[in-house]
Amino acid sequence: MKHLRVNSRLFKFVQLAVKSLLQHKLRAALSILGVVCGVAAVFSMLSVGEGAKRESLAQIERLGTRNIYVKAVPLTEMQQAKFRANLSRGLSLTDAHRIQKGCPDVQDAAGLRELKASVFSTMKEVTPLIAACTPNYATLMKIPIGSGRFISDPDMQESKLVCVIGHGVAGSMGALGRIGNYLRIEDSLFKIVGVLQRLESKVGKSGAIRLRNYNDMIFVPLAVANLASSTGTPYGALADPEVTELIIAVNDEKQVLRAVPAVKRIMEIAHGGAEDYQIIVPQELLNQSKKIQRTFNVVLGSIAFISLIVGGIGIMNIMLATVSERTKEIGIRRAFGATCTDIILQFLAESTLLTFTGGIIGILIGFGGVWLISAIAKWNTTVTMLALVVPLLTSIVVGLFFGLYPAYTAAKMDPIAALRSE
Amino acid sequence: MKQNNEPHLIAALGICKRFHVGSSTLKILENIDLRLHRGEFVAIMGPSGSGKTTLLHILGCLERPSSGSYRLNGVDIIAASDDDLSHIRANKIGFIFQTFNLLPGLTVYENIEAPFLYRSCEHLQIKEKIMDSIAQVGLGERVKHKPSELSGGEMQRVAIARAICADPLLVLADEPTGNLDSGTGLEILKIFKKLHAGGAAIVMVTHDRNVASVADRIIYLKDGRRVDEASASKQQAV
């Protein structure tokens, strides 16, 4: 019962606050401008930040948090000569075998080489990227097969002229892009043995790794890379094909960071200290990205804090003016029996209602801002519950905090002096 | 708050009020004794600066005396906390001011309703009580009007309705007719007589002998001291 009475009293104070604020609509509207701008800015920044964070995390996760990438570094002729003197022959599949043997945490390793080649077909919209890879590439990169199969071990061992095409490539080829048909790459005919499932075609760059659009790719066995390349030598299959990228899969995500030093050491020994490769760890990128995001959040939080403090000071100013203007009313209410707490609650209700309204308007404007950013800048934005709750709660806290001093000033007025004021 | 079954509604003894202005002390009230029975109507008269309003404020628990004792309905007001005094003002005392002191943004109904925010009163009874008090002062048709749309007499009637709405033990009126013309003042006095006939205890400050004559007795103050006391009938005879 007492609880109900307290609620009903609080409701009455809110009603009273609404009435008081409605009597000075313009003043109330002007006083909350700072809070509106602050909340709109916080909301927009949180939504844009969250969108960027999710995008970068998705890209990093697509690289596989269980994987370690070893990437060949393009070298100048002078560098090549220098590294050959160190007995390094560049990045090859042998490096993958060495790592697998030398590091017990490594479960599997795949190799890939991007090729420069001409595809002769009726494709109109797609210029495919040709990649020669090992059969386990699709498994390690979690590439889903739509129909047929991916490159198999026999394809690799027997250097078969087969290929797997992306969904976009197949679509562009029309009826010719079906399993069993042939595709000419440079001077060789490759039999289509599989078509990939359609994937969300997001290309981008996470750290030093480029995300590929598998829809527009053609995969051939690494063993026949030379046959499918415009720069390759036409001598058929190679026993130790050169690669541009090795993907090392570790048994467990938790073992990745432990495996990295071992991989580094093996590569260092194998390449005689030549720096013709680069080791990239998506999990490190992920941690780095999270760290950057945390810094970003602190910066955003500080900006939000400053803008809301400015808004709050505006509210305090207006509330002090209101208290001064309503001195007589305070006296009358004290004569009726209002306690100091009642007066504090009355003015706190007003200041909080002001900032809460500012918060709501700010969120609505923020929604508009986020929509505009998405539409014009084509940025990824994500509105989360946090982006809604944080600015709203902050606006309430600002109202309570900056309303407290004016409310206290009102409550501490001498009732007699307040009654005598004009 | 401890209550006794004392015969007097008000028992104020040796009430003094002093203000310190710099190094000097300003004596506003000196050793005032005042007793008031339940249902009694007392008028306080005196020239300007005699301490009438200060005494009224002390009786209304708006101000504490510098010394002396004061019991209202058996409650020791001197020992009561600020919150206790607020509670007493809300539930036991009704104030009527010379300048009406209505809240300009509220309607007649809302002005009378406003003090209920601080009273311990059942929600369902409030509307009924408000409408009763509006009927008592004859403002039934002005319920939705704002103070700026009312005459001085009407505003004072709203103030009276606000003061009597919660059936207070004590009604304190500070120059209730001071801002009104004589005709309207007489109407207000009629309402006071009606209230008194209904059993309300009233303390009224006035400087007008005719207004004071409606009271059971009149107390005179001069320079903060009681100088004389007379029953209203004697006063009228004078």
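Residues numbered from 1 in each chain as written. Chains lettered and ligands numbered in written order. Predicted model: local features only at pLDDT ≥ 70, side-chain atom pairs only at ≥ 80, totals over all residues. Heavy atoms only, no water.

1. Things to note about the overall build of chain B
When helices and strands are counted, chain B shows eight helices and 10 strands. Relative to the globule expectation of 18 Å for 238 residues, the C-alpha radius of gyration of chain B, 18 Å, shows essentially globular dimensions. Across its three principal axes, chain B shows a C-alpha extent of roughly 50 × 45 × 40 Å. By residue count, 56% of the 238 residues in chain B fall in the buried class. For chain B, the share of sequence-separated contacts (at least 6 apart) that also reach a separation of at least 24 residues comes to 69%. Accessible surface computed for chain B: about 10600 Å², of which carbon and sulfur atoms make up 48%. Positive and negative side-chain charges in chain B, numbering 28 and 27 respectively, have mean positions lying 3 Å apart. (Helix = DSSP H or I, 4+ residues; strand = E, 2+ residues; numbered from the N terminus. Rg over C-alpha atoms; globule rule 2.2 N^0.38 Å. Buried < 20%, exposed > 50% of the residue type's maximum accessible area, 1.4 Å probe, protein only. Contact = heavy atoms within 4.5 Å. Areas by Shrake-Rupley, 256 points an atom, 1.4 Å probe, with all protein chains shown as cover. Lys, Arg positive; Asp, Glu negative; His and termini not counted. Charge placed at Lys NZ, Arg CZ, Asp CG, Glu CD.)

2. Topic: the overall build of chain A
In terms of helices and strands, chain A carries 14 helices and 13 strands. For 422 residues, the compact-globule estimate of 2.2 N^0.38 gives 22 Å, and chain A exceeds it by more than 25% at 33 Å. Across its three principal axes, chain A shows a C-alpha extent of roughly 105 × 50 × 45 Å. Taking the contacts inside chain A whose residues are at least 6 apart along the sequence as the reference set, 81% of them involve residues at least 24 apart.

3. With respect to the interface of chain B and chain A
Residue-level contacts link 26 residues of chain B with 23 residues of chain A. The largest share of the area that chain B buries against chain A comes from B:L103, B:L117 and B:Y118, three residues that together contribute 31% of it. Applying the counting criterion to the chain B and chain A interface returns two salt bridges. Of the charged contacts, one joins A:K19 and B:E110 as a salt bridge, the two residues approaching to 3.1 Å between their closest N and O atoms. For the pair chain B and chain A, the interface holds six residue pairs in polar contact (both at pLDDT 80 or more). Counting residues per element, the side of chain B that touches chain A draws most heavily on helix 2 (residues 82-92) of chain B, which supplies four residues. Here the residues of the side of chain B that touches chain A sort into 11 nonpolar, eight polar and seven charged. (Buried area = accessible area lost by both parts, 1.4 Å probe. Salt bridge = Lys/Arg side-chain N within 4 Å of Asp/Glu carboxyl O. Polar contact = N/O pair within 3.5 Å; in protein donor to acceptor, adjacent residues only side chain to side chain. Nonpolar A, V, L, I, M, F, W, Y, C, P; charged D, E, K, R; others polar.)

4. Things to note about unusual backbone geometry
The phi dihedral of A:K142 is positive, around 55 degrees, even though this residue is not glycine. Assignment of secondary structure puts A:K142 in the loop between helix 6 (137-140) and strand 5 (145-148). For B:C61, which is not glycine, the phi torsion reads 60 degrees and is therefore positive. In this fold, B:C61 is placed in the loop between helix 1 (52-59) and strand 4 (67-72).

5. Thoughts on the sheet that holds strand 1 (residues 8-21) of chain B
All names here are of chain B. Read from one edge to the other, the open sheet built from four strands follows the order 2-1-4-5, with strand pairing classed as antiparallel. Unpaired on one side and paired on the other, strand 2 (24-37) and strand 5 (75-76) mark the two borders of the sheet. Bridge analysis of strand 4 against strand 5 gives two bridges, and the strand direction is antiparallel. What sits directly across from L72, in strand 5, is V75. Sheet strands touched by helix 1: strand 1, strand 2 and strand 4. Its angle to strand 2, the strand with the most contacts, is close to 60 degrees. (Pairing = 2+ DSSP bridges. Axes fitted to C-alpha atoms, helices over the stretch in contact; angles between N-to-C directions.)

6. Overview of the packing of helix 3 (residues 33-63) of chain A against helix 12 (residues 340-377) of chain A
All names here are of chain A. One way to put it is that helix 3 packs onto helix 12 with a least axis distance of 7 Å and a crossing angle of 40 degrees. Here helix 3 is positioned oblique relative to helix 12, judged by the angle of their axes. In this structure, the crossing between helix 3 and helix 12 has a hand that is right-handed. Here helix 3 contributes V35, V36, V39, A40, F43, S44, S47 and V48 to the contact with helix 12, which in turn contributes T355, G358, G359, I361, G362, I363, I365, G366, F367, V370 and I373. Here the contact of helix 3 with helix 12 is built from residues that sort into 12 nonpolar, seven polar and no charged. (Parallel < 35°, antiparallel > 145°, perpendicular 65-115°, else oblique. Left-handed = near helix turned anticlockwise from the far one by under 90°.)

7. Concerning the side chain of B:E63
Relative to the elements of secondary structure, B:E63 occurs in the loop between helix 1 and strand 4. Classification of B:E63 as buried rests on a relative accessible area of 12%. Look past the residues within four positions of B:E63 in its chain and what remains in contact with it is A:I416, B:K17, B:F19, B:T54, B:H57 and B:I58.

8. As for the pattern of salt bridges
Scanning all chains against the criterion turns up 24 salt bridges over all chains. Measuring nitrogen to oxygen at the nearest pair gives 2.9 Å for the salt bridge that ties A:E50 to A:R54. One end of the pair, A:E50, and the other, A:R54, are both in helix 3, four residues apart, so they sit about a helical turn from each other. Ionic pairing is found between B:R157 and B:E187, a salt bridge with its closest N-O pair at 4.0 Å. With B:R157 in helix 5 (residues 152-164) and B:E187 in helix 6 (residues 182-197), this residue pair connects regions lying 30 residues apart in the sequence. In the salt-bridge network here, residues are joined through shared partners; they are A:R326, A:E329, A:R333 and A:E350.

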